[in-house]
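If you want the building blocks of each chain, they are given just below.
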Amino acid sequence: MTALSEIKERFRPALANLTADVEAALAMIRPAQDAKFGDFQANCAMSLAKPLGKAPRELAQQIVDSIQLNDLCEPPEIVGPGFINLRLKSDWLEALVQKLVGDERIGCDSVAEPKTVVVDYSSPNVAKPMHVGHLRSSVIGASLCHILRFAGHKVISDNHIGDWGTQFGMIIFGYQNFVDRAAYEADPVGELARLYRLVNQLADYHDAKQKLPQLDELIATAEARITAAEQSGEEPKSLKKTLKKLRGDLDGLRETRQSTESKIRAVDSDESLAALATEYPNIARQARDETAKLHAGDETNRRLWDEFLPECLKALDAVYQKLGVTFDRTLGESFYQPLMADVVADLKSSGLASDSEGAVCVFIEGNDAPFIVQKSDGAFNYATTDLATIRYRVNEFSADAMLYVVDTRQSEHFKLLFETAKRWGYDGVDFRHVNFGTVLGDDGRPFKTRSGDTVGLESLLDEAVSRAYDVVIENDPNGELDEDTRRNVAQAVGIGGIKYADLHHNRESDYVFSWDKMLARTGDTAAYIQYANARTNGIFRKGGIDRKSLRQTNSKIILSHPSERALVLQIQSFGDVISSILTELRPNLLTQFLFETANSFSAFFRDCHVLNEEDESLRTSRLLLCDLTSRTLRLGLTLLGIDAPERM
RNA sequence: GCACCCGUAGCUCAAUUGGAUAGAGCACCGGUCUUCGGAACCGGGGGUUGGAGGUUCGAAUCCUCCCGGGUGUACCA
């Protein structure tokens, strides 16, 4: 229970008499935006008044009069157009906190109806090393799993890895033609990654060469259009617009041409690459053929796949270990291959899918592009896999809900997927595309290295830890921490910093990646919250106080100072925050809560002495608050997937 | 062309989904310290929420138009 949930229950019967949609009205009872308005505010009177033909303030008074709040709040105030301002009575708040100090869940109730939720996140392609693009999916997905599980749901986290796509054909082809045995023996995954890049580069090269003349043609046409428009005698206003559009197109084409050219130049300027390019003019098709052979059950390719895959998985595991992310299942695309033909046959026989231009498609009205479940060459694609996956998850796990923590750019795919799945019979499943924005560099473009490559995730994590280690040393000039502790703190602060930076942004927006902000010694960072927690630990260490037995004393909580009151008011809202996250799936609500909690603690710590407090009962009460704060911070960080070092 | 998204302080981002005077962090300026842990705390300046209309008790949020930017768009995932 939280104060807010209790207030809502008191309001419920009164509001039920006034509206059919009680939940909507209850949702308008909220924490006060400003402390001067009290602790909570009910904003429902204004919107309810109109349909009832009443004056809002009058209605507010009527609501207040019909509710029993004496024990809970000071007399409510009706202000402005009809706000109802509520302030908790101190003894009620003290009694509430009294329960929290002995409660591992910090007042957060388990959900009444636990659901089976499959969370699909991270999902890298095993053929290429993980990069910064996988960060958000992994971090947000893992955090949502923790939170859903904590709330009482049955959660199955699933890493839907790409282990069957066209990229694998590239590796196989590369391995058969270009492998460096010694390098492969020493570091199989490193060599496979090199082969992938090589084949990809050569394929891109030929593709670029082929496209260049077309591009030049397009550019010429675009230029001609601009000239024509300029001479068309169009009205100035609309001409300006037309020109702007045309010039934008032209710029885009030129940019494409430039990158196309540089791909060609990169190969041409390297003698051995150029030779390979000449030797393998059809490398893209050859790689595709290897993929097709693999899918068709070719023995050699299957054997290679069996050989490569465990190595790739091992490499992924190493990254996940550094990141501190785990999965219940790792069921990749290959796992669903045996089910694919049935899926398509089923869709066809039920009339959902039909042939079009040689491909098997599901058409959803209102969408231009069809949902292609089988390509014209007979191969299946990710749409097919995703449908097979849905069927499997419902059959095997009895999934009630599926969350897909995937880049927002794939929203159309999921729109079509969910719609198709519903028509296919899975309309009882709660599908959610938990979309997120792109990680940008400080130039506002997707985060890349200086040379234009994507940033490898593993090196990113290593750098974070190493930078954090430098900060740890800097902050510990007297060497109070031993080397092991230093390393642990660096790990927690570095990895935690990356995660926190990611999670504290609203997941739907893009954000700019910044080392300085993530690991800053000041501000809204993981380190700030970890530090607040470490400070509370310091108090118990210094006081030689055993926290377990402290909790068992069951001493009375005394709120003698506004900062104490503010701190507990903040902490008791933990359950409200968790329940918001359950519906909105936004971990940034939790980072915000933790930052505010750490802030409130700092104020409390400044204003209220703990160890030096002479009044024994007040001292114990404050120690209990320190313990409660620390447990809240630790639990919150854990739910984000961030470690909370004992000291730092 | 069509569809979707975004534009908030110098910078990076919030804003409980229509609530009261739009908030944080960074940066900048000024302050706190015989430190229960200074990786801390307090104060200050900084805004026509891209622009113009509209809807209503009330708009950053909803509607229309305009300006600026991004993404996706038939067989990659």
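Note that the structure is predicted; figures quoted are calculated from it, not measured. (Residues numbered from 1 in each chain as written. Chains lettered and ligands numbered in written order. Predicted model: local features only at pLDDT ≥ 70, side-chain atom pairs only at ≥ 80, totals over all residues. Heavy atoms only, no water.)

(A) Highlighting the domain arrangement of chain A. Per the domain assignment, the segments making up chain A are domain 1 (3-88), domain 2 (116-163 + 311-439) and domain 3 (166-309). Put simply, the middle of domain 1 and the middle of domain 2, counted by C-alpha atoms, are 43 Å apart. (Domains from an automatic or database assignment.)

(B) Local environment of the sheet that holds strand β4 (residues 83-86). The strand order across the open sheet built from four strands is β1-β2-β4-β3, with neighbouring strands paired in antiparallel fashion. With one partner strand each, in any of the chains shown, β1 (29-31) and β3 (77-79) form the two edges of the open sheet. Within this sheet the neighbouring strands show an average axis-to-axis angle of 30 degrees, counted without direction. Direction of pairing for strand β2 (residues 40-42) relative to β4: antiparallel, over a ladder of three bridges. Pairing of A42 across the sheet is with I84, part of β4. With respect to the sheet, helix α4 (residues 56-65) is in contact with β3 and β4, its orientation differing from that of β3 by roughly 165 degrees. (Pairing = 2+ DSSP bridges. Helix = DSSP H or I, 4+ residues; strand = E, 2+ residues; numbered from the N terminus. Axes fitted to C-alpha atoms, helices over the stretch in contact; angles between N-to-C directions. Contact = heavy atoms within 4.5 Å.)

(C) Focus on the packing of aromatic side chains. Counted according to the given criterion, the structure contains 26 aromatic pairs. Each ring, one from F335 and one from Y392, has its centre 5.0 Å from the other, and the planes form 80 degrees; the classification is edge-to-face. You can see F335 sitting in the loop between α13 (299-323) and α14 (337-349) and its partner Y392 sitting in helix α15 (residues 382-397), a full 57 residues away along the chain. Overall, F335 belongs to the partly exposed group, its relative accessible area being 35%. Between Y404 and F418 the ring centres are 5.5 Å apart and the planes differ by 45 degrees, which places this aromatic pair in the tilted class. With Y404 in strand β10 (residues 401-407) and F418 in helix α16 (residues 411-426), this residue pair connects regions lying 14 residues apart in the sequence. Given the relative accessible area of 3%, Y404 is considered buried. Residue F418 is classed as buried on the basis of its relative accessible area, which comes to 12%. Counting every residue linked through ring pairs, the aromatic cluster contains F335, Y336, Y392 and F397. The ring of F150 has R105 sitting right over it, with the charged end atom 4.3 Å from the ring centre. (Phe/Tyr/Trp six-rings, centres within 6.5 Å; stacked < 30°, edge-to-face > 60°. Buried < 20%, exposed > 50% of the residue type's maximum accessible area, 1.4 Å probe, protein only. Lys NZ or Arg CZ within 6 Å of the ring centre and 35° of its normal.)

(D) Fine view of the nonpolar core. F11, L15, L88, F178, L460, F574 and L590 are the most contacted members of the largest nonpolar core, which totals 173 residues. Looking at which element gives the most residues to this core, the answer is helix α9 (residues 188-230), with 15 residues. In this structure F574 touches R105, I106, C108, F150, L590, F593, L635 and L639, once residues within four positions along its chain are discounted. (Core = buried A, V, L, I, M, F, W, Y, C linked by side-chain atoms within 4.5 Å.)

(E) Fine view of the protein's contact with RNA strand B. In the neighbourhood of RNA strand B, 71 residues make up the surrounding shell, with Q33, K244, E333, K375 and S509 lying closest. Sugar and phosphate atoms represent 59% of those atoms of RNA strand B found within 4 Å of the protein. Contact between RNA strand B and Q41: a base nitrogen at 2.9 Å from a side-chain N or O atom of the residue. In the model, a sugar or linking oxygen of RNA strand B is placed 3.0 Å from a nitrogen or oxygen of the R606 side chain. For the surface near RNA strand B, the secondary-structure elements that each account for two or more residues are β1, α3 (44-52), β4, α10 (236-268), β8 (359-362), β13 (511-512), α20 (526-543) and α24 (588-607). Of the residues that constitute the surface near RNA strand B, the class distribution is 24 nonpolar, 23 polar and 24 charged. (Near = heavy atom within 4 Å. Polar contact = N/O pair within 3.5 Å; in protein donor to acceptor, adjacent residues only side chain to side chain. Nonpolar A, V, L, I, M, F, W, Y, C, P; charged D, E, K, R; others polar.)

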